[in-house]
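# Chains, contacts and geometry: an overview
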Amino acid sequence: MTMIKSLILGSAAGLIAIGGAQAADLPVKAKAVEYVKICSLYGAGFYYIPGTDTCIKIGGAIRLDVAFNGSTYDVPFWQGGAGGNNLWTKNYFSTRERVNLTTDTRTATEYGVVRTYANIQFDFLQDRESIAGGYTEVDYAFIQFAGFTFGKAVSQFDPQWALAKPYISSGFNAGSNNATGIPQLAYTASFGNGVSGTISIENASAYRNAGLWNTNGFIVGPGAPSFTGAFYGTTSNTFLGNAYGGNHIPDIVGNIRLDQAWGTLHFAAAMHAATPGFYGTTEATGHADDKYGFAVSGAVEFKNLPTGAGDSLKIEASYGKGAAKYVFGGTTDTSGGGRYAKVDGNSLGFGYVLDGVYATNGQIIQSSAWEVSAFYEHYWNPAWRTSLFGNYSHISYGSGNDLMMAAFTGVSTGGPGFNSSSAAAARAGVFAGTGNFDLGLAQIGTRTAWTPVQNLTLSAQFTYSRLDQNLNGTYTTLSTGMSGKPAGTVLNTADQNLYNGSVQILRSF
């Protein structure tokens with residue numbers, strides 16, 4: 001009996017063990033896969049980030065450029081101190097390869113849409129890097145929430161179509177034209193029927209500071225500031241002015257906009273502060289007072305013109321007093337550090353874009369600048385389009401010309417210890433003549449683009465520029481003269497013409 005009982009219990013235990021093993025071998029029900037869903041709230045290309053109510057769009061482009069008789073940004077060959085355009089040592093063409101990546105996220109909240117946007121670019125430039133080198137830049141990085149914009153975005157001074165101008169070149173003058181964004185804190189209010197207004201504070205440093213010229217910098221003696229490259233042909237390729245004292249307060253910018261199916265209207269104004277450095281090299285020499293300048297702008301865009309579907313016409317005009325970069329714009333200085341210059345054979349033309357000038361015991365004399373631009377684009381068919389664009393920009397210095405000419409020609413402006421020969425040795429040449437530093441720049445260009453398949457565009461552009469300067473005389477190079485020009489070369493100051501072009505292949509995604 002005992003044996004039978006043991007066999008029954010053992011069999012039961014075995015059955016239980018087998019049943020447990022079989023249960024363990026059964027597959028566990030898999031967790032449901034969370035597929036990426038299309039987000040149709042904000043247009044094509046957005047998807048929900050899995051597990052969230054945030055939509056994201058990832059895009060970008062690969063862009064290949066070749067520029068002829070210009071830099072890699074298709075900027076005309078405005079020379080700095082390194083040499084003239086007629087030198088054998090220049091590049092006749094330049095290349096650039098760019099990879100562009102963008103991210104755009106949006107989340108609906110009870111306060112409205114929260115948006116983040118970033119645009120990062122990876123560039124390789126022939127004339128900037130080594131054979132394996134390159135660099136990275138961040139054009140935009142901002143957050144938008146409840147009407148506020150925080151970060152690096154298109155300046156509120158610029159019209160809404162600032163990024164849709166129909167050309168390749170970033171060296172074409174077109175007003176403010178800050179196509180790579182400006183750090184800002186802005187608030188936009190919508191009033192209905194397409195009317196909106198924005199107020200913002202924007203970081204002027206590097207973007208809006210055209211520079212100040214302390215003309216006392218060419219007077220050599222105790223307490224006098226050192227020369228920092230104001231004349232054409234110096235060892236410094238740039239001249240942003242030698243006397244900016246720092247960025248003390250941000251620019252204040254406001255606009256009113258109207259957006260309709262027929263196009264847009266845009267009116268903007270800005271206040272710009274210029275803080276001078278010391279009259280001399282130390283605090284004891286004193287300094288001029290801060291000076292507040294301003295700029296105003298008006299722009300209009302007409303869409304879907306009678307000339308064809310997709311055709312557009314854009315017109316813009318701006319004026320600045322002590323705020324030259326709102327007129328001769330761009331987040332990078334396309335003229336070689338505030339200076340436009342060209343050598344052609346034995347002639348030379350050049351001029352400066354500055355917020356103002358001053359001398360010892362004087363105050364800042366502000367520049368006045370204005371510009372007008374127009375852009376027309378016509379679609380021959382959905383694949384082919386041609387644009388025509390033009391600009392005229394002008395800057396004048398009024399009574400400040402007297403200070404500039406005195407410093408330029410080596411005439412004492414009344415400072416201590418003036419020495420003509422020492423001052424001349426600091427520059428690459430000596431000017432003899434009359435005139436002033438008022439400067440005009442006219443440009444006209446055309447681009448034709450072909451889009452054989454969606455998001456692939458091949459284009460070619462040609463630009464003509466004319467530098468209209470007001471110096472009348474000769475410029476004689478010294479021993480420290482321009483590269484490629486022997487000492488004693490006499491150049492006649494004259495207006496200059498420049499021609500440059502570019503081709504581009506752009507694949508966006």
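In case you missed it, the structure is sitting above this.
All of the points below concern the structure found in this document.

What counts and what doesn't
Residues numbered from 1 in each chain as written. Predicted model: local features only at pLDDT ≥ 70, side-chain atom pairs only at ≥ 80, totals over all residues. Heavy atoms only, no water. Helix = DSSP H or I, 4+ residues; strand = E, 2+ residues; numbered from the N terminus. Contact = heavy atoms within 4.5 Å. Pairing = 2+ DSSP bridges. Axes fitted to C-alpha atoms, helices over the stretch in contact; angles between N-to-C directions. Phe/Tyr/Trp six-rings, centres within 6.5 Å; stacked < 30°, edge-to-face > 60°. Buried < 20%, exposed > 50% of the residue type's maximum accessible area, 1.4 Å probe, protein only. Lys NZ or Arg CZ within 6 Å of the ring centre and 35° of its normal. Core = buried A, V, L, I, M, F, W, Y, C linked by side-chain atoms within 4.5 Å.

### Topic: the side chain of serine 367
For serine 367, the position within the fold is in the loop between strand E17 (365–366) and strand E18 (368–379). Look past the residues within four positions of serine 367 in its chain and what remains in contact with it is Gly320, Lys321, Gly322, Ala324, Leu354, Asp355, Gly356, Ile395, Ser396 and Tyr397.

### Here we look at the sheet that holds strand E16 (residues 356–358)
The strand order E9-E16-E17 describes an open sheet built from three strands, whose pairing is mixed. What marks the edges here is a single partner per strand, and that holds for strand E9 (212–214) and E17. Of the strand pairs in this sheet, E9 and E16 are connected by three bridges, and their pairing is parallel. In the sheet register, leucine 212 faces E16, and the bridge partner there is glycine 356. Strand contacts of helix H2 (residues 400–408): E9, E16 and E17, with the helix running at about 65° to E16, the strand carrying the most contacts.

### Some thoughts on the packing of aromatic side chains
Here the structure, examined in full by the defined rule, presents 24 aromatic pairs. Considering the side-chain rings of tyrosine 464 and tyrosine 499, the 5.2 Å spacing of their centres and the 40° angle between planes classify their relative orientation as tilted. Within this pair, whereas tyrosine 464 is found in strand E21 (residues 456–477), its partner tyrosine 499 is found in strand E23 (residues 496–508), the two being separated by 35 residues in sequence. Judged by its relative accessible area of 22%, tyrosine 464 is partly exposed. Linked through ring pairs, Trp161, Tyr167, Phe172, Phe375 and Phe389 together constitute an aromatic cluster. When the ring centre of tyrosine 48 is taken as reference, the NZ or CZ atom of lysine 37 above it lies at 5.6 Å.

### Side note on the pairing of strand E4 (residues 112–125)
In this sheet, E4 lies alongside strand E3 (residues 93–109) in antiparallel orientation, the contact comprising 14 bridges. Within E4, the position partnered with alanine 108 by the bridge is valine 113. Where E3 folds back on E4, the antiparallel hairpin that results is connected by two residues. Bridging between E4 and strand E5 (residues 135–145) involves nine bridges; their strand directions are antiparallel. In the strand pairing of E5, threonine 116 is matched with isoleucine 143.

### With respect to the nonpolar core
Formed by 29 residues in total, the largest nonpolar core has its most connected members in Trp213, Tyr352, Ile395, Met404 and Phe437. Every element with two or more residues in this core is listed here: strand E14 (339–344), strand E15 (347–352), H2, strand E20 (429–453) and E21. Contact partners of isoleucine 395, with chain neighbours within four places excluded, come to Ala324, Phe328, Tyr352, Val353, Leu354, Ser367, Ser368, Ala369, Asp438 and Leu439.

Any functional reading would require information that these geometric values do not contain.
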